[in-house]
Amino acid sequence: MSFLAPLFFAGLVALAVPILVHLTHKERKDVVVFPSLMFLSRIPYQAVRKQRIRHWLLFALRCLALIFLALAFARPFLDRPAAAAPVRSLGARELVILLDRSYSMDYGDRWSRAVAAAKRAIAGLGGSDRASLVTFDLTATAATEPTGDKGVLTAALTGLKPGAGATRYEPAFKLAQRILADSRLPRREVLLISDFQRVGWDGRDSPSLPAGTTVNQVDLADPKTSNVAVTGVDFRRDYAADRERVAITARLVNRSADARAGHSVTLELNGRAVETKQVNIAANAAATVDFAAVPLPAGTTRGVVRLGDDALPRDNSFYFAISRGQALSVLVIDGREGAAPRSLYLERALEIGDQPSFRVTTKRLGSVTASDFAGRSLVLLNDSDLPGGDLGRRLVEYVQNGGGLLVALGDRAAPRDRPAYASELLPATADAPIDRTADRGGTLGYIDRSHPIFEVFSAPRSGDFSTPRFFRYRSITPAPGDQQLARFDDGHIALLERKVGRGRVLVWSSSVDGIWNDLPLQPVFLPVAHQIAKYAAAYADERPWSIVGQVANLPSIFRDSIGAGDAAGNAEYVAVAPSGQRTRLEGQDRRSVELREQGFYELQRAGSRGEPRVVAVNVDLAESDLTAVEPQLLTGAMIARAGADSLSSVVEASTPVELERRQGFWWYLLAAVLLLLVGETLLSNQLSRRIAVPR
Amino acid sequence: MTSNPLPGLQFLDPAVLARIGNLELVARTVVEGFLGGLHRSPHLGTSIDFAEHRAYMPGDDIRRIDWRLYGRVDRYYIKEYEADTNTNFNVLLDVSKSMSFGSAAVTKLDYARTLAACLSYFANQQRDRVGLITWDEDIVEIVPPSAKHLPNVLHALARATPQGPGNIERVFRKLAEQFKRRSMLLVISDFYEDPAKILDAFAQLRGRGNDLMAMHLLDTAELEFPYDGATSFEDIETGERIPVIPEYLRDQYRTMIRAHTERIEKLCGDQGVDYWMFNTSMPLDYALFAFLSRRQFLTRVR
C-alpha cells in the first residue's frame, strides 16, 4: 500500500479533538430544572472523574471518521495488484501484447508509458512463457512471432513510434484470437496497452478469445485531456482578370474544457507561410479562420494549415492539394448568325455555379472554329444545326476523345438537314415536333433517379419535376446502347445519353429557351442544368485531401494521361510517401496505393519526368476526440463472448497516479466517512435525547 | 411502569386525559368507565340500605310514611335508612412549584389534578361530601366539604397553579383546626420533605380521628434520573443551582430516592396512614383501584 499524498496524514493530529471532547465534560449551557436538589446536594461532586473518556462508541466513530478522511486525502493505492503478478505455478503461458500505436498515443507521454508497460510485461515472462508483440491502429500487425526470447521482443519494441492511423480494436483482437488459438501452452493471456479511445470501439461484440484467456489492461488514458485540431478547409474560387484565385477557410475545433485564446493559425502554400492569424476558441467549440484569397499558381499547390503546438501535434496540421482549372469551360453554339439568341437562361444558370464554376463562351455557329473545341469540357448545341464539313469531324473527334456534348432540339434544330456524321452523335429524330398545346402541355413522366444526373433529386422534396410544362418536343428514336434518362408523360424520350468513344452525348428533346416549355422558369431548372452539364463534361470532384487508411486509385488519378498500355493495366507507378519511402508499383495488382502516412504523397508514372501527382493525406480526425471508453466495457464484451470461466480482467496501470486513479480507494474511504458521520449523528442525537428537559 | 391491574382499562392514560381539559368530563369518563370495569366485583355495592321503622311524629314528612305497613297494622310508621352522606372526603393537594415538574406530557400536578377530580367525583357518587384544600407553603384555597361542592372542587382543581415552595408541616398544623368532623383525608404530594417532618404533619391530622391516605407522586425522571452530560441542575422551588455529572450520580441518586420513599412508606405504615407511591407514567386506574380497595375496607369495618 502506498500513498500519493502522504502529507495529509498530518491531519491525524485532529484526532486530539475527539479525545479532548470525550475527556472534557463541558457543561451544557441549558440548565436542567429539577423538582428538588435535596438528594443531589448530598452527593459530593467528584471532579476527578472528568478524566475518563465517555461514550466509547461515539468516540470510536469520530476517530475512525477522522482517520478515514486523512486516508482518503492521502490517496492510497496498491503498488501492484496481486492478480496482475505473473503466476508461475500454473504452467507456461502464451502472452499477446497488443500495443496501440494510433496517433492519439502521441498525446503527452502516453507512448513512453506504453513502451514501459510493454517492457515490464516482457520482463515478467517466465522461462517457458512465450509472447507476441502486436501493434495496431486501423490494422493489426504482428511485430514478432510467438517467442520466449525477451531480446527479440524488446528489439521489436525499439524504434516503434505511433503511426498516423486511428484506433480500431477489432483487428487487434482478431489477430490475438488467431495467435492464442494456435498456441498449445496451458495459459493464455492478452495484455492490451492502449488509451482506450471510444472511437476505436463501436460497441459491438468483439471477437471471442479462446476460453481461459486472461485479459489484462494498461489504461493510458489521461483523466483530463486538451486538444485543438484543424478539422478541414473550404475553398472559394473566383476569377479576377482571368486569374484564378482561391480563398481558404480553415475549420478548427477545441476538444477541451478550457477556452483557447490567441492560438496562431498559419496557412502555408507550397512550403511558404502565406498568412498567420490569431484565433480564440471557446471550450468544446468550433471556430473558422478565413484567409485572404490568393492567386493559384500553375500546377498543383500543396497547402497546409498549421496550428500552434499542443499535446497532440498530429491533428494540428491539415494538408490539402489544389490546382487550377477546376472551372468547367463550356462552349455554347447558339444557332446561326442573325437568329435570335436563345441561350440567356442557360448562360445565367451556368454562370452562377461555383462547385464547379462554369466559364461559358457563347458563339454563333458560323463563327465557331476547330480551335474552339480545344480545352472545352462541354460543347452545348442550343437549338442549332450541327456544324458541317471539317468542323463537324472535329466535333466528333472532340467527343470521342472525352469531350462532352449537350444538344437541345428546338425548332431551329432541323433534323432533315443533318450532316452525315450526325448519326454517330445523335439519335434519329422525327422532323415534325410533337405539339402538346392542346392538352395544356405535357409533363415529365419518368426520371431515372438512379442516374448520376438525377441522383441528387432522389431524396423527398428535392426537385419538383411535375411542375414544368412541355408544349412541344421532338420525337427521338434511340439506338441500341442509348440510355433513356427521362421521358415525357406520353412516353417520348426527354433526355437521352449516348456514349461516343470516351465522351458523352446528351440529347434534350425540347428547347432550353422557355419557348417550347417553361422549364427555365421553374426552380428545378438551375440544379438540373448544373447536373446535366457536369455529367456531360464528365466532371469529377477533385479530392483536395485523403484520409490515412484510404487507398489512392492510380488509374483514376492518371486518367487524363492514360495510354493504350495503361488501359491494359501494364502501367508502372512510383509512389513516394511523406516519410520519403519510395515504392514502385507494378502490374495489375498494384493499381492502388494505401495511404498510411500523413502529408503529401507523390505519385508518378515510372519513367516519366513530368510533375508528379500530389495526394494530400490527413489523419482521421475522429481520433482527435480523446474521450476514453471504460476498459472494462471493452474487455467485458470479450468476456461475455468467451465464456463465464474464461477471463479475469485485471486493471494495471503504469504510474502511481494512474494506479491510484484506477483503484480509486479514496471513494470508498469517503463513503465510509459519510457512513461513520451518519452513525455519529444518530448516536449523538440518541445520547442527547436521554436528557429529559422539564417543562 | 406496573402492569395494568384491570385488563380492558387501558384508556386511562394520564397523557390522554390531560388533553381533555374538562375535569368533570374527565372524572365522569374515568370513574364510570372504571366502575363498568368492576361490574362483577363481589366487593362493591354500598347502596342506601333500609335500617328500621319508627313511629310517626308530628313534623315528619308524610312522604316517608310506609303506607303498606299502615295497611297491615293501621298505624303510621316512618321508614328509616342507613345513613347515606355521613362521610367527608377531603383532598389535600400539594400545589408547590415542584409539582409542576414533568419529563413527559404530564406534570405531577396534572396527574394529581386528574386523580383528585376522579376520586372526588367517585366519592360524590357515593353520596360523600367532597372538599378540597390546595397548599404549598401555606393554604392556597379551601373548598369546604359538601355534597353539592363537586363543581367547586373541580373548578378549584382546574385553576390550581403551582407556585412557591412547599411546607407540609406548617400547613397541616393549620389544617388540623379546620376539620371539626371525622373525615377521610387524601394527601397528594411529591413529599420532598424529611420523612420525619411528613409524619409529624400527618400526626396533626391523624390525631383528630381522620382517616388519612397519602399518595406520593413522582415523575419517571425523578425515579430513574436518566440525564446525561455535565450540566447544572436548578432547584425548581428555590432556584439553587449545582453542577452535576448525572452519569456519575445516577446510582447514588436512585438509591437515595428509593430509601426516601421506603422510609415514608414505613413511617406511614407505623402511623396507620395508607400510602401509595405512584409514577406519573402509570395509568390512572392503578391509583383508582388502590383507592377503592381502601373504601371497600372502610365500608366493611364501619
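## Points about the overall build of chain B
Here's step 1: A count of helical and extended segments in chain B gives 10 helices and 10 strands.
Here's step 2: Evaluated residue by residue, chain B yields a buried proportion of 50% over its 302 residues.
Here's step 3: Restricting to contacts in chain B with at least 6 residues of sequence separation, those with at least 24 account for 75%.
Here's step 4: Looking at chain B as shown, the accessible area adds up to about 14,300 Å², and 48% of this sits on carbon and sulfur atoms.

## Description of the packing of helix α6 (residues 168-175) of chain B against helix α7 (residues 195-206) of chain B
Residue and element names in this part refer to chain B.
Here's step 1: Across the interface, α6 lies against α7 with an axial gap of 8 Å and an inter-helix angle of 5°. Relative to α7, α6 is oriented roughly parallel. Of the residues in α7, those in contact with I168, E169, F172, R173 and L175 of α6 are K197, I198, D200, A201, F202, Q204 and L205.
Here's step 2: Among the residues making up the contact of α6 with α7, the classes are represented as 7 nonpolar, 1 polar and 4 charged.

## Considering the packing of aromatic side chains
Here's step 1: Going through the model one piece at a time under the given rule, you end up with 36 aromatic pairs over all chains.
Here's step 2: The interplanar angle of 55° and the centroid separation of 6.5 Å between the aromatic rings of F235(A) and W545(A) together place this pair among those described as tilted. With F235(A) in strand β9 (residues 228-240) and W545(A) in the loop between α9 (525-536) and β29 (546-547), this residue pair connects regions lying 310 residues apart in the sequence.
Here's step 3: Aromatic pair F470(A) and W508(A): ring centres 5.8 Å apart, planes at 65°, arrangement edge-to-face. Linking F470(A) in the loop between β23 (444-447) and β24 (472-473) with W508(A) in strand β28 (residues 503-508), this pair joins segments that are 38 residues apart in sequence.
Here's step 4: We classify W508(A) as buried; its relative accessible area is 8%.
Here's step 5: Among the aromatic residues, ring-to-ring pairing joins F34(A), F39(A), F101(B), Y192(B), F225(B), Y227(B), F233(B) and Y253(B) into one connected group.
Here's step 6: Residue placement shows R487(A) over the ring face of Y446(A); its charged tip is 4.4 Å from the ring centre.
Here's step 7: Directly above the aromatic system of Y535(A) lies the positively charged group of R504(A), at a separation of 4.0 Å from the ring centroid.

## What to know about the interface of chain B and chain A
Interfaces are often described in size by the accessible area the parts lose on coming together.
Here's step 1: The interface is formed by 41 residues belonging to chain B together with 31 residues belonging to chain A.
Here's step 2: For the pair chain B and chain A, the summed buried area comes to about 3,500 Å², and 65% of that belongs to carbon and sulfur atoms.
Here's step 3: If you look at where chain B meets chain A, you find 0 salt bridges.
Here's step 4: Put simply, chain B and chain A have 5 residue pairs in polar contact (both at pLDDT 80 or more) between them.
Here's step 5: Considering every element that reaches the side of chain B that touches chain A, the biggest residue donor is helix α9 (residues 246-271) of chain B, with 9 residues.

## Thoughts on empty space enclosed by the protein
Residues and elements named next belong to chain A.
Here's step 1: In this structure the tally under the stated criterion is 4 cavities of 30 Å³ or more.
Here's step 2: Counted as a void, the largest cavity has a volume near 240 Å³.
Here's step 3: Lining the largest cavity are 20 residues, with W508, V512, L519, V528 and I532 positioned closest to its centre.
Here's step 4: Elements supplying a minimum of two residues to the lining of the largest cavity: α6 (344-351), β20 (404-408), β23 and α9.
Here's step 5: Among the elements that take part in the lining of the largest cavity, α9 stands out by supplying 5 residues, more than any other.
Here's step 6: Grouping the constituent residues of the lining of the largest cavity by class yields 20 nonpolar, no polar and no charged.

## A look at the side chain of D195(A)
Residue and element names in this part refer to chain A.
Here's step 1: Relative to the helices and strands, D195 resides in the loop between β7 (187-194) and β8 (213-219).
Here's step 2: For D195, a relative accessible area of 1% corresponds to the buried category.
Here's step 3: A polar contact is formed between the side chain of D195 and the side chain of S104, at a distance of 2.6 Å.
Here's step 4: Residues within four places of D195 in sequence aside, it is in contact with D100, S104, M105, R110, Y169, D219, L220, A221 and A628.

## Details of the sheet that holds strand β9 (residues 241-244) of chain B
Here's step 1: Reading across the sheet, the 3 strands line up as β2(A)-β8(B)-β9(B) and stay open at both edges, with mixed pairing between neighbours. With partners counted over all chains shown, the strands left at the sheet margins are β2 (32-34) of chain A together with β9 of chain B, one partner each. Neighbour-to-neighbour, the strand axes of this sheet turn through a mean angle of 35°, independent of strand direction.
Here's step 2: Bridge analysis of strand β8 (residues 231-235) of chain B against β9(B) gives 4 bridges, and the strand direction is antiparallel. The residue bridging F233(B) from the neighbouring strand is I242(B), located in β9(B).

Analysis parameters
- Residues numbered from 1 in each chain as written.
- Chains lettered and ligands numbered in written order.
- Predicted model: local features only at pLDDT ≥ 70, side-chain atom pairs only at ≥ 80, totals over all residues.
- Heavy atoms only, no water.
- Helix = DSSP H or I, 4+ residues; strand = E, 2+ residues; numbered from the N terminus.
- Buried < 20%, exposed > 50% of the residue type's maximum accessible area, 1.4 Å probe, protein only.
- Contact = heavy atoms within 4.5 Å.
- Areas by Shrake-Rupley, 256 points an atom, 1.4 Å probe, with all protein chains shown as cover.
- Axes fitted to C-alpha atoms, helices over the stretch in contact; angles between N-to-C directions.
- Parallel < 35°, antiparallel > 145°, perpendicular 65-115°, else oblique.
- Nonpolar A, V, L, I, M, F, W, Y, C, P; charged D, E, K, R; others polar.
- Phe/Tyr/Trp six-rings, centres within 6.5 Å; stacked < 30°, edge-to-face > 60°.
- Lys NZ or Arg CZ within 6 Å of the ring centre and 35° of its normal.
- Buried area = accessible area lost by both parts, 1.4 Å probe.
- Salt bridge = Lys/Arg side-chain N within 4 Å of Asp/Glu carboxyl O.
- Polar contact = N/O pair within 3.5 Å; in protein donor to acceptor, adjacent residues only side chain to side chain.
- 1 Å grid on protein atoms, 1.4 Å probe; cavity = no way out; pocket = protein on both sides within 12 Å on 5 of 7 lines; lining within 4 Å.
- Points joined across faces, edges and corners; volume = space filled by probe spheres on them.
- Pairing = 2+ DSSP bridges.

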